[in-house]
Amino acid sequence: MSRPVLFALDDDADVVRTLRGDLSRRFRRDFRVLGESSAIAGLATLGQLAGQGEPVALLIADHQMSEMPGLEFLARAHELHPSAKRVLLVERDYSVRSPVVQAMTLGQADYHLSKPWMLEQDLYLAVSGFLAEWAKDQDAGFDLFHVIGRLQDRGTNELRELLIRFSVPFRFTAADSQPGRRLLQDKGLDPARLPVMIRHDGHTMVEPTPAQIVEAVGGTTHSDLSQCDVAVVGAGPAGLAAAVYAASEGLQTVVLEETVSGGQAGSSPMIRNYPGFAHGISGHDLTRRACEQAWMFGAHMVFSQPIAGLSCRGPDRVVHLADGHDITARAVIVATGIAWRSLGVPRLEALVGSGVFYGAAGSETRAMEGREVFVVGAGNSAGQAALHLARHARHVTLVVRGDNLPHSMSDYLIKEIGATPAITVRLETEVIDGHGGERLDGLTLRDKRSGRAERVPADALFVLIGGEPRTDWLPKAVQLEGGYILTGRDIVRDASHPSRWPLDRAPLPLETSVPGVFAAGDVRYRSIKRVASAVGDGSTAVRVAHEYLAAEPGRAGPANR
Ligand SMILES: Cc1cc2nc3c(=O)[nH]c(=O)nc-3n(C[C@H](O)[C@H](O)[C@H](O)COP(=O)(O)OP(=O)(O)OC[C@H]3O[C@@H](n4cnc5c(N)ncnc54)[C@H](O)[C@@H]3O)c2cc1C
């Protein structure tokens, strides 16, 4: 197959010539750069390329063209080359009138470029980013692991999820397919014991545990330290930010995470409101970078290690690992976030991982190609999930219990959903039952107004109905409100109550009712449930922990034992 194409279109032939020249200088080894100055001619060229099976990576089109608007061209060209990334070329205009604002909001373009581009380096940096995202969607050339399993098995889905969360390239073969059966037979493996994970060097793991998977991809599941300055519990955005700041400021830091890093944000397909990423960033990418950064600063990252308890031993705080080990820390930052609230329908709970998913679609999205998909929820995460799924699914139904969306969802998402024909919103509707033996094949929905129940075919259900704070492991001395951790001025001061604040000084901001234990991110009472807020909390908690360590008797500074 020939090199993928970067295609540029502008009414102005000079712009096309310049763009082709600039892009060719940098990308010609790997891509062919083509261009046209007529939309009709452009569609004809792209049609020919599609007919010959030639891949197109980027479609760059000027917003204002005489034959047809740039967005219409992008939509028609995208039908010919659905995997191409769409780039809108616009005049420099940083007002809200810029067509980019609406195009991005309505999902009509993936990126934009401004013309004239000032420096070639700026153009290269931007286009390299677009191409990296395009390349990620293509099949990887090298697979570190080969996974054989059943799609409807929870174990198989957990394994795939873990590999995706760790960015490990892998190939999946269904165990009941002919190649799957042959592979199992050739290796002498029992088809009843699935999933199987075969490393590129032949090393084979049957029914691997999460810890074995983490170890196999280079992660650590045991802390080599039993004492540290700061123990961070949870590796979502708040915990990762705390780890970056604590480790970079010279505190010996251990991060303890129940699964793998990323938290809720790690499962978000696209975070569009994190500062610095104008075109958005996948939550997985954002948190993977933060995790690597924490590790580069020297934080000890421990995965697949749930924390079962916390206690005080003199001035030390002790975190109790579920495997029986303890880690003694001078300060603890709790960043355990929230867990998704359950629908409470037993038949659906039994199908979790087999057509029913809690949280946004990440790894599952592409598997929804041509499927009938339902999303339950009315918040921003439900809206984002519906939009993301609608790119692949045949149809997406957003099931909302209340009688309106504006109450709980941002206006830009409501508009985007309204402009997406593949999404239907069903207000005042509840999911009351699920159907299917080994995997979901239908749902029963109830219209709250009429009381009428209706059974509908469904291939997948994504549940995004908010969550419960992950605080059940904490001792009673940590004051909670509705399950969320109270901090700072919210702590109830009452000397007659044993679990109340014990010191003469006021609690520090983000300090819990146990001195030296801080809370950050979604788990904190009255926190703002956003990635950036969690990151802010994590970094602030470190600043405050410094203050605590410096002020406590016998505490002089980092690692002064
Ligand atoms: C689908 C989805 C889309 C979202 N989209 C956006 C968005 O576009 N923009 C935005 O700003 N926000 C978004 N959010 C919200 C955002 O992801 C959260 O506010 C943010 O992740 C909170 O970070 P956190 O670190 O406090 O908690 P979490 O991300 O929940 O991380 C907590 C971590 O702690 C771990 N943990 C829990 N208990 C234990 C234990 N006992 N021991 C060890 N580890 C434990 C968990 O495994 C988890 O990794 C979205 C959320 C979801 C679910």
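Above: the structure in question.
Residues numbered from 1 in each chain as written. Predicted model: local features only at pLDDT ≥ 70, side-chain atom pairs only at ≥ 80, totals over all residues. Heavy atoms only, no water.

Evaluated as defined, the whole model comprises 0 disulfides. The thiol of C291 is unpaired, and the distance to the nearest cysteine sulfur, on C228, comes to 16 Å. (Disulfide = S-S within 2.5 Å.)

By nearness alone, 37 residues border the ligand, and E257, Q264, N273, W340 and D522 come closest of all. Within the backbone of R530, an N or O atom sits 3.3 Å from an oxygen atom of the ligand. The fraction of the free accessible surface of the ligand (1,000 Å²) that becomes covered by protein chains is 94%. Contributions of two or more residues to the shell around the ligand are made by α9 (237–248), β16 (338–340), α12 (380–390) and α14 (531–551). Taken together, the residues that form the shell around the ligand break down as 18 nonpolar, 13 polar and 6 charged. (Near = heavy atom within 4 Å. Polar contact = N/O pair within 3.5 Å; in protein donor to acceptor, adjacent residues only side chain to side chain. Areas by Shrake-Rupley, 256 points an atom, 1.4 Å probe, with all protein chains shown as cover. Helix = DSSP H or I, 4+ residues; strand = E, 2+ residues; numbered from the N terminus. Nonpolar A, V, L, I, M, F, W, Y, C, P; charged D, E, K, R; others polar.)

Attention now goes to the packing of aromatic side chains. Counted by the stated rule, this structure contains 7 aromatic pairs. Here the aromatic rings of F31 and W134 are separated by 6.0 Å at their centres, their planes lie at 65 degrees, and the arrangement is edge-to-face. One end of the pair, F31, is in the loop between α1 (13–27) and β2 (32–36); the other, W134, is in helix α5 (residues 120–137), and 103 residues separate them in sequence. Across the pair, exposure class does not vary: F31 and W134 are buried alike. Here the aromatic rings of F518 and Y548 are separated by 6.0 Å at their centres, their planes lie at 75 degrees, and the arrangement is edge-to-face. Remark: Y548 occurs in helix α14 and F518 occurs in strand β28 (residues 517–519); sequence separation between them is 30 residues. On the basis of relative accessibility, which here comes to 0%, the residue F518 falls in the buried class. The ring of F27 has R26 sitting right over it, with the charged end atom 5.3 Å from the ring centre. When the ring centre of F172 is taken as origin, the NZ or CZ atom of R160, which lies over that ring, is 4.8 Å away. (Phe/Tyr/Trp six-rings, centres within 6.5 Å; stacked < 30°, edge-to-face > 60°. Buried < 20%, exposed > 50% of the residue type's maximum accessible area, 1.4 Å probe, protein only. Lys NZ or Arg CZ within 6 Å of the ring centre and 35° of its normal.)

Cis geometry is adopted by the peptide bond preceding P116, which originates at K115 and carries an omega value of -5 degrees. As for its position among the elements, P116 is in the loop between β5 (111–115) and α5. Residue P195 is reached from L194 by a cis peptide bond, and omega for that bond is 0 degrees. Counting through the fold element by element, P195 comes out in the loop between α7 (178–186) and β8 (196–199). Its identity as a non-glycine residue notwithstanding, E207 has a phi of 45 degrees, on the positive side. Along the chain, the position of E207 falls in the loop between β9 (204–206) and α8 (210–216). Of note, the phi angle at L510 is positive, near 70 degrees, even though the residue is not glycine.

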